[in-house]
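# Examining the three-dimensional arrangement
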Amino acid sequence: MGKALDGVRILDFTHVQSGPTCTQLLAWFGADVIKVERAGAGDITREQLRDIPDVDSLYFTMLNHNKRSVTIDTKNPEGKQVLEALIQSCDVLVENFAPGALDRMGFTWERIQELNPRMIVASVKGFGPGPYEDCKVYENVAQCAGGAASTTGFDDGPPVVSGAQIGDSGTGLHLALGIVTALFQRVSTGRGQKVLAAMQDGVLNLCRVKLRDQQRLERTGVMKEYPQYPNGTFGEAVPRAGNASGGGQPGWILKCKGWEADPNAYIYFITQAPVWAKICNVIGKEEWATDPDYATPAARLPRLKEIFGEIERWTMSKTKFEAMEILNKYDIPCGPILSMKEIAEEPSLRKTGTIVEVDHPQRGKYLTVGNPIKLSDSPTEVTRSPLLGEHTNEVMAELGYTSAQIDALRAAGAI
Ligand code: CAO
């Protein structure tokens with residue numbers, strides 16, 4: 001079966017996490033992704049957080065599946081020529097260098113357009129135009145500058161960053177959408193364009209409910225679903241809401257049986273209004289279904305702490321999976337707190353290709369996250385990440401270089 005992006009060639013000039021997330025996704029959809037790296041070193045993540053000496057790290061392998069790797073020194077004049085040939089033969093150049101690095105290399109937007117007017121140039125940067133546009137940025141900087149950290153954690157503690165890589169992988173996802181959109185527009189215009197996904201913008205996009213709450217707070221001075229209500233105080237900015245639900249249906253994380261020994265014996269429980277009577281029945285508080293102090297969502301808001309305390313008395317008598325089974329029968333929205341170990345071992349995630357086992361010539365078998373986006377006519381087969389420069393000769397030959405020319409360029413340190 002063909003793939004959605006068959007025939008699209010991506011010049012992948014990305015490194016670390018944000019850019020590689022984007023190009024890996026495009027590769028999973030069938031694009032030919034050619035990753036350009038420096039000979040001898042490559043993407044810095046190849047050697048970061050290694051678990052096996054001298055073998056590409058899981059950090060690298062899990063972000064670079066289904067790609068080809070070529071080594072080019074793009075500061076070497078002959079290497080530059082090779083990159084120019086690639087620019088002429090590709091549809092999209094994706095990069096996430098520090099601001100200005102591509103220009104310093106000599107590949108300005110104007111130069112790239114001269115070489116290939118159909119070329120889409122897609123970039124991840126830490127910030128968009130403004131006071132921080134020249135800054136280098138990593139994941140947690142973006143989480144802090146995008147509003148996630150100030151709104152995550154508990155009221156009595158410091159800002160907290162999330163384990164979800166919303167700055168890097170989140171921005172990579174945004175960039176991938178920008179690229180396919182630009183490819184679509186190119187069908188009618190015939191021209192390439194610049195695509196920019198700034199990490200601050202991407203994080204803020206994912207934190208939009210907190211910008212919503214900022215304005216609600218300014219208008220009303222109070223947000224009744226936040227744990228600060230009714231006994232705490234609100235300041236000028238959206239406070240950290242602990243585990244409160246970000247939506248209109250109050251929720252909280254509750255202890256389950258075994259919580260004393262198992263740090264993940266918890267369940268997320270949502271007191272969704274349409275199933276309130278069922279919740280009352282399950283936890284043995286039938287009278288709450290009709291008591292005016294508990295019967296309506298508005299009446300419950302000032303009593304959420306007490307209500308969740310009572311529900312927790314029930315959840316603590318069940319394991320998180322037993323609680324799930326019972327609550328699901330009544331359509332009560334809830335979710336177990338799953339550890340990475342539990343997720344890695346979950347058979348249904350293996351079956352759907354969300355978790356995939358991949359074989360690597362140097363490290364052997366390892367687990368990775370497969371394509372989270374499933375297309376019925378473009379299935380994803382995850383193939384291993386390339387070794388450094390594994391496809392240099394192959395790609396150079398496709399560009400028309402002879403073996404003798406390839407050897408000469410290698411001897412000159414250009415590839
Ligand atoms: N041949 C020759 N030179 C190369 C090359 C190649 N194949 N590939 C990269 N280089 C050069 C670059 O041209 C750059 O040189 P100059 O500094 O002389 O211009 C140099 O390598 C380093 O690039 P860099 O500044 O991007 O890398 P860094 O490790 O110093 O910074 C990072 C890393 C991530 C902080 C920075 O790239 C950045 O801010 N990127 C944008 C935001 C982003 O994507 N952050 C998320 C990263 S994932 O957490």
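What comes next is a walk through the structure. (Residues numbered from 1 in each chain as written. Predicted model: local features only at pLDDT ≥ 70, side-chain atom pairs only at ≥ 80, totals over all residues. Heavy atoms only, no water.)

In this section: the site of the ligand. Looking at the ligand, there are 24 residues lining it, with Lys75, Arg104, Lys136, Val137 and Asp168 nearest. Here an oxygen atom of the ligand and a side-chain polar atom of His15 are 3.0 Å apart. Asp168 is positioned such that a nitrogen or oxygen atom in its side chain is 2.6 Å from an oxygen atom of the ligand. Out of a free accessible area of 950 Å², the ligand has 85% covered by protein chains. Tallied by class, the residues present in the shell around the ligand amount to ten nonpolar, six polar and eight charged. (Near = heavy atom within 4 Å. Polar contact = N/O pair within 3.5 Å; in protein donor to acceptor, adjacent residues only side chain to side chain. Areas by Shrake-Rupley, 256 points an atom, 1.4 Å probe, with all protein chains shown as cover. Nonpolar A, V, L, I, M, F, W, Y, C, P; charged D, E, K, R; others polar.)

Quick look at the nonpolar core now. Counting 35 residues, the largest nonpolar core has Ile10, Leu26, Val92, Val94, Leu175 and Ile179 as the members making the most contacts within it. Only helix H1 (18-28), strand E4 (92-95), strand E5 (120-125), helix H7 (169-189), strand E6 (194-198), helix H8 (199-206) and strand E10 (355-360) provide two or more residues apiece to this core. Look past the residues within four positions of Leu175 in its chain and what remains in contact with it is Cys22, Val94, Ala122, Ser123, Val124, Val195, Leu196 and Ala197. The next biggest cluster of nonpolar side chains, apart from the first, holds 27 residues, and it includes Val70, Ala101, Met396 and Ala414. (Core = buried A, V, L, I, M, F, W, Y, C linked by side-chain atoms within 4.5 Å. Buried < 20%, exposed > 50% of the residue type's maximum accessible area, 1.4 Å probe, protein only. Helix = DSSP H or I, 4+ residues; strand = E, 2+ residues; numbered from the N terminus. Contact = heavy atoms within 4.5 Å.)

Moving on, we get to unusual backbone geometry. Tyr229 connects to Pro230 through a cis peptide bond whose omega is 5°. Positionally, Pro230 belongs in the loop between helix H9 (208-220) and strand E7 (251-255). One non-glycine residue with positive phi stands out, namely Asn66, at about 60°. Tracing the backbone through its elements, the reader meets Asn66 in the loop between helix H2 (58-61) and strand E3 (67-71). Judged by relative accessible area, Asn66 falls into the buried class, the value being 18%. Unlike most non-glycine residues, Asp331 shows phi in positive territory, near 60°.

A word on the pattern of salt bridges. For the coordinates displayed, the defined rule picks out 25 salt bridges. Between Glu287 and Lys285 there is a salt bridge, and its shortest N-O distance comes to 3.6 Å. If you follow the salt bridges from partner to partner, you end up with Arg9, Asp32, Arg68, Glu394 and Glu398 in one network. (Salt bridge = Lys/Arg side-chain N within 4 Å of Asp/Glu carboxyl O.)

Sheet architecture is open: three strands sit in the order E7-E8-E9, paired in antiparallel fashion. This sheet does not close on itself; its edge strands, each paired only once, are E7 and strand E9 (334-336). With strand direction ignored, the average angle separating the axes of adjacent strands in the sheet is 20°. In the sheet, strand E8 (residues 266-270) pairs with E9 via three bridges, with the strands oriented antiparallel. In the strand pairing of E9, Ile267 is matched with Pro336. Helix H12 (residues 304-315) rests against E7 and E8 of the sheet, and its axis sits at about 40° to E7. Together, E8 and E9 form the strand contacts of helix H13 (residues 320-329), whose direction differs from that of E9 by roughly 160°. (Pairing = 2+ DSSP bridges. Axes fitted to C-alpha atoms, helices over the stretch in contact; angles between N-to-C directions.)

Here we take up the environment of Thr315. Structurally, Thr315 can be placed in helix H12. Judged by its relative accessible area of 0%, Thr315 is buried. Through-space distance from the C-alpha of Thr315 to that of Phe269 is 9.3 Å; in sequence the pair is 46 residues apart. For Thr315, the side chain forms a polar contact with the main-chain oxygen of Glu312, separated by 3.1 Å.

On to the sheet that holds E5, then. An order of E3-E2-E1-E4-E5-E6 is seen for the six strands of this open sheet, with the pairing classed as parallel. The sheet is open, and its two edges are formed by E3 and E6, each paired on a single side. With direction set aside, neighbouring strand axes in the sheet form an average angle of 20°. Of the pairings in the sheet, the one linking E4 to E5 comprises four bridges and is parallel in character. Residue pairing across strands places Leu93 opposite Val121, the latter belonging to E5. This element, helix H3 (residues 77-89), spans strand E1 (9-13), strand E2 (32-37) and E4 of the sheet and lies at about 140° to E1. Sheet contacts for H8: E5 and E6; angle to E6, the most-contacted strand, approximately 65°.

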